[in-house]
Amino acid sequence: MSAQGDCEFLVKRARELVPQDPYAAKAWLITARTLYPTDFNIQYEMYSIERNAERTASAGRLLYDIFVNFPEQPVVWREIAVITAALRNDSQDKHALFLKGVFETLPGPVQCKMLLKATEQCFNTLEKAEMLLLLLKRFPESVVQHGVSLGESLLEAETVENLDTPVNCFRKLFVCDVLPLILNNPEMCLPVSLLYKYMHKAAEFYICYVTREPTADGQIQGTQEVGGLKSPGRGRGQRYVIDGLSEKSSVVAEPWDRLLEMVGVVGSLCDWQGEKGSRSYSELLQRVSELCRFMSATDAEGFAHCCGQIVTCCTLVLFHCAFHYVSAVQPSLFQGHASLSLSPWVLLEDLSSVYTDVEVERKHTHKKRKLADGREKTMSSDDEDMLAKGRGRHIVVNKAEMPSWAETLEHFRIARESWDLLHSHQSLETEFAKICSAWKTEMWMWFRIFLTDMIIYQGQYRKALSSLALMSSLQQNQNQNQNQNSLSSSSSLETQRAIIQQASCHYALGEYRMACEKLLEVVSGLMPQNHEAVKCSEEQRKPRSKNRKGNDLRLVPCTSKSILPFCLQLMLACFKLRAFTDNRDDLALGHVIVLLQYDWPQGENLFLKAVDKICQQGSFQYENFFNYVTNIDMLEEFAYLRTTEGGRVQLELLPNQGMLIKHHTVTRGITKGVKEDFRLAMERQVSRCGENLLTVLHRFCINEKIILIQSLP
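Parameters and conventions
Residues numbered from 1 in each chain as written. Predicted model: local features only at pLDDT ≥ 70, side-chain atom pairs only at ≥ 80, totals over all residues. Heavy atoms only, no water. Phe/Tyr/Trp six-rings, centres within 6.5 Å; stacked < 30°, edge-to-face > 60°. Helix = DSSP H or I, 4+ residues; strand = E, 2+ residues; numbered from the N terminus. Buried < 20%, exposed > 50% of the residue type's maximum accessible area, 1.4 Å probe, protein only. Axes fitted to C-alpha atoms, helices over the stretch in contact; angles between N-to-C directions. Parallel < 35°, antiparallel > 145°, perpendicular 65-115°, else oblique. Left-handed = near helix turned anticlockwise from the far one by under 90°. Contact = heavy atoms within 4.5 Å. Core = buried A, V, L, I, M, F, W, Y, C linked by side-chain atoms within 4.5 Å. Disulfide = S-S within 2.5 Å. Expected span 1.5 Å × (residues − 1). Pairing = 2+ DSSP bridges. Salt bridge = Lys/Arg side-chain N within 4 Å of Asp/Glu carboxyl O. Nonpolar A, V, L, I, M, F, W, Y, C, P; charged D, E, K, R; others polar. pLDDT = per-residue confidence, 0-100.

Participant: Can you help me understand the packing of aromatic side chains in this one?
Facilitator: Each aromatic ring pair is described using two quantities: the centre-to-centre distance and the angle formed by the ring planes. One pass over the structure, following the stated rule, counts 27 aromatic pairs. Consider the rings of Phe319 and Trp444, whose centres lie 5.3 Å apart with planes at 65 degrees: the pair is edge-to-face. Taken together, the residues Phe319 in helix H15 (residues 300-329) and Trp444 in the loop between helix H18 (426-439) and helix H19 (445-457) connect sequence positions 125 residues apart. The exposure classification of Phe319 matches that of Trp444, with both residues buried. Considering the side-chain rings of Tyr628 and Phe700, the 5.1 Å spacing of their centres and the 65 degrees angle between planes classify their relative orientation as edge-to-face. Of this pair, Tyr628 sits in helix H27 (residues 625-628) while Phe700 sits in helix H31 (residues 693-703); the two residues are 72 residues apart in sequence, bridging distant segments of the chain. The same class applies to Tyr628 as to Phe700, namely buried.

Right, dumping it as structure tokens:
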């Protein structure tokens, strides 16, 4: 019998004995190994018996032997592949733990060599990277040799695969696993340019991870979103799966904290000025702001040296605070279906002074207006200081409706300061533009929302309209990529938000017809609420302080309850300028009277102004009066105007009343008939005083849309 035949016989005999007498089987194989020490099948069979019996120590020794003596055997690499797969896997089942234990029994150099060899056997980029990462974690000394090459291979794979988002398996492994090993290894000595490159790659990943858009297939876990805004990425990542990774591997805990920590490490490696490790993003901004002021006053060379530090820090602070601001004013962009019930907030012109711009010298003490010789001065123009820059502008917000208002406005302020600092010097602006171009921030819907609000805050309304147009195109692209049925309500709110902001900007620019068109477009999609439910708060009623220059802004929830009143106030602001000019415009004055009914008696002084103008004219024609005026005080006042004490003002408030008087002035009793019609109409109108005022005003906006728009220049 040949030696090969002897070996096969001995192995076969041992296998037969394993179920009956494992010790006899083991004796047969020991004898066989003594006779044939270079035979692979004998040694592998010995290992298989120990492995199947899950005897860790003996299996480890035998694995070591066959790895050293037979490194080219395919069966050995299949076995090693199973073991390394268990090492990469977080599974805690019994067999996986046994395989990990077998690996732990091997000497360190053998483990290192085995992992390196296993890496060479991998042809899949991701699998090869995970294997090499396993090596780097177990043997930190190997980071110097393999760390950068592994990082570059992952970034190269991302480029080759032409992935459309930085939130991918290659970037995640690089940023969350490989880069920390590189940065925290004291033996590494990387050039500053490479450190900046890696820092920016990490920042892009973390920011895009946190700000990723909600998906239509319900990947986002709504019950975990209640934890506040300190780390919005924490709860929302629980069911998000990155393509190529497991669900568990896709989770990135505390991304903003990780990014801040990385800034401290990179700063120390790059010898940043004054970098001691920042505890917060606001502290980071404060530090670079001081550095920027100091360097601007010194030499240009020193400023150039600090340029990278300033741009990197300011950019991260900008996106961090802008994200927190937008996540408060438009949460549905980030928080998925469970947050569709949370309405967006919209930054608009504050119209709390719309009723108080006119100072009336006399009080309306008896509800019956008494004629006086003196008349008030013409109302001052409402667009005074309208285009004032945003320095020191005040943002009003209902604190009861937005509990986190202070934090939200603080984030908005810090983000604006970061933006201003990045644009305070040409070199800073250039470097920041490069980062934005590389990250494709022009496609970030959430950042466009922040930029638009910032531009509005600055008072650059024409530029804001252009930004809103860009936002609209981004919104259309986003809607095409999402399930319209599941996200339609969110998209509707976001579209409504943009239109109402356009109206506010047109008003600020004095383009009242365009403002009115946009307002009426919004109103057509609103459902009027109960009038009592939407009374303005005391804070909203409060007029703007007289010593405050420019116009305030207001954050308003984008709901029918809040938006319909704003639309009514903004239309009033548009029409009152036309109504109170020296030229007579009864139509505009009539619109003003209808709109003044909302939030009565806030507009009582302005109504008195309108009544005085009517008295000066001696007549007033507004045929829609009885369709939309239901305020008892106003009805009483107009009834009084017809009397001798009221000045016998000629009122043409009934449809076709003017034509009736004109064609039948010679007919006896026609005037008396008109008076009787007026009296009956007034009595009927008094019976309507209990109607829901918002429903009446909503109907006014819908039915008179064309007339309203045409009434404005």
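Participant: Quick question: what am I supposed to make of the packing of helix H7 (residues 108-121) against helix H8 (residues 125-138) here?
Facilitator: Two quantities define a packed helix pair, namely the angle between the axes and the distance from one axis to the other. H8 packs onto H7 with a crossing angle of 165 degrees between their chain directions and a minimal axis gap of 9 Å. One way to sum up the angle between H7 and H8 is to call them roughly antiparallel. Handedness of the crossing formed by H7 with H8: left-handed. Counted together, Gln111, Cys112, Leu115, Leu116, Ala118 and Thr119 of H7 and Lys128, Met131, Leu132, Leu134, Leu135 and Arg138 of H8 form the full contact between these two elements.

Participant: What should I look at first to understand the nonpolar core in this one?
Facilitator: Within the largest apolar cluster, 145 residues are counted, with the highest numbers of intra-cluster contacts made by Tyr206, Ile207, Leu259, Trp446, Phe447, Phe450 and Leu555. No other element matches the 17 residues that H15 contributes to this core. With residues near it in sequence (within four places) discarded, Phe447 still touches Leu318, Phe319, Ala322, Trp419 and Thr441.

Participant: Help me understand the state of the cysteines, please; the structure alone is not making it clear to me.
Facilitator: Two cysteines whose sulfur atoms are joined by a covalent bond form what is called a disulfide. This model, assessed by the stated rule, comprises zero disulfides. Counting only cysteine sulfurs, Cys567 is the nearest neighbor of Cys558, a cysteine outside any disulfide, at a range of 9.2 Å. Among the residues examined, Cys558 registers a relative accessible area of 0% and is labelled buried. Residue Cys701 stays outside any disulfide, its sulfur separated by 7.7 Å from that of Cys567, the closest cysteine. We classify Cys701 as buried; its relative accessible area is 1%.

Participant: Would you mind showing me how to read unusual backbone geometry here?
Facilitator: Most peptide bonds are trans, and most residues other than glycine sit at a negative phi. Note that the residue after Trp600, namely Pro601, is joined by a cis bond; omega there is 10 degrees. Looking at the secondary structure, you find Pro601 in the loop between helix H25 (586-595) and helix H26 (604-617). One non-glycine residue with positive phi stands out, namely Asn162, at about 55 degrees. Looking at the element boundaries, Asn162 is found in the loop between helix H9 (143-161) and helix H10 (169-183). Using a relative accessible area of 65% as the deciding quantity, one classes Asn162 as exposed. Residue Lys440 is not a glycine yet carries a positive backbone phi of 60 degrees. Looking at the element boundaries, Lys440 is found in the loop between H18 and H19.

Participant: Would you explain the environment of Ile49 in this entry?
Facilitator: Looking at the secondary structure, you find Ile49 in helix H3 (residues 40-52). With relative accessibility at 12%, the residue Ile49 sits in the buried group. With 23 residues separating them along the chain, Ile49 and Lys26 place their C-alpha atoms 8.3 Å apart.

Participant: Sorry if this is basic, but what is going on with helix H22 (residues 512-523) here?
Facilitator: Given 3.6 residues to a turn, an α-helix orients residues that are three or four positions apart in the same direction. Helix length check: H22 (twelve residues) gives 16 Å between terminal C-alpha atoms against 16 Å at 1.5 Å per residue, within 8%. Listing the buried residues of H22 in full gives Tyr512, Ala515, Cys516, Lys518, Leu519, Leu520, Val522 and Val523.

Participant: Looking at this structure, I do not really get the sheet that holds strand E3 (residues 553-557). What am I missing?
Facilitator: Sheet strands pair by backbone hydrogen bonding; their relative direction is either parallel or antiparallel. What the three strands build is an open sheet, ordered E1-E3-E2; its pairing is mixed. The open sheet is flanked by strand E1 (345-349) and strand E2 (395-397), the only strands paired with a single partner. Ignoring strand direction, the axes of neighbouring strands in this sheet form an average angle of 30 degrees. Note that E1 and E3 share five bridges and pair antiparallel. Paired with Glu349 across the two strands is Leu553, which belongs to E3. Packing against the sheet, helix H24 (residues 560-579) makes contact with E1 and E3, and its axis sits at approximately 140 degrees to E3.

Participant: Hey, could you run me through the pattern of salt bridges in this one?
Facilitator: Inspection of the entire model under this criterion finds 17 salt bridges. The structure contains a network of salt bridges with shared partners spanning Glu158, Arg171 and Glu204.

Participant: Which parts of the structure should I look at to understand the pairing of E3?
Facilitator: On any regular strand, side chains alternate: one points to one face of the sheet, the next to the other face. Where burial is concerned, most of E3 is hidden: five out of the five residues are buried. Neither face of E3 is left uncovered, since the one carrying Leu553, Leu555 and Pro557 and the one carrying Arg554 and Val556 both have all their residues buried. Alignment of E2 against E3, held across three bridges, turns out to be parallel. Across the sheet, residue Val397 finds its bridge partner in E3, namely Leu555.

Participant: Hey, could you run me through the packing of helix H5 (residues 74-88) against helix H6 (residues 94-104) in this one?
Facilitator: It is at 9 Å that the axes of H5 and H6 come closest, and there the two elements cross at 110 degrees. Relative to H6, the element H5 is oriented roughly perpendicular. The residues of H6 that touch H5, namely those facing Val82, Ile83, Ala86 and Leu87, are Ala96, Leu99, Lys100, Val102 and Phe103. Split by residue class, the contact of H5 with H6 holds eight nonpolar, no polar and one charged.

Participant: What is the right way to look at the confidence of the model for the protein in this model?
Facilitator: A low pLDDT score tells you not to read the predicted coordinates there in detail. This prediction gives the protein a mean pLDDT of 78; 76% of its residues lie at or above 70. Counting contacts from residues 484-490, a segment whose pLDDT is below 50, to residues more than four positions away or on other chains yields ten contacts. Within the model, pLDDT remains below 50 along residues 544-550, and this stretch shows nine contacts once partners closer than five positions in the same chain are excluded.

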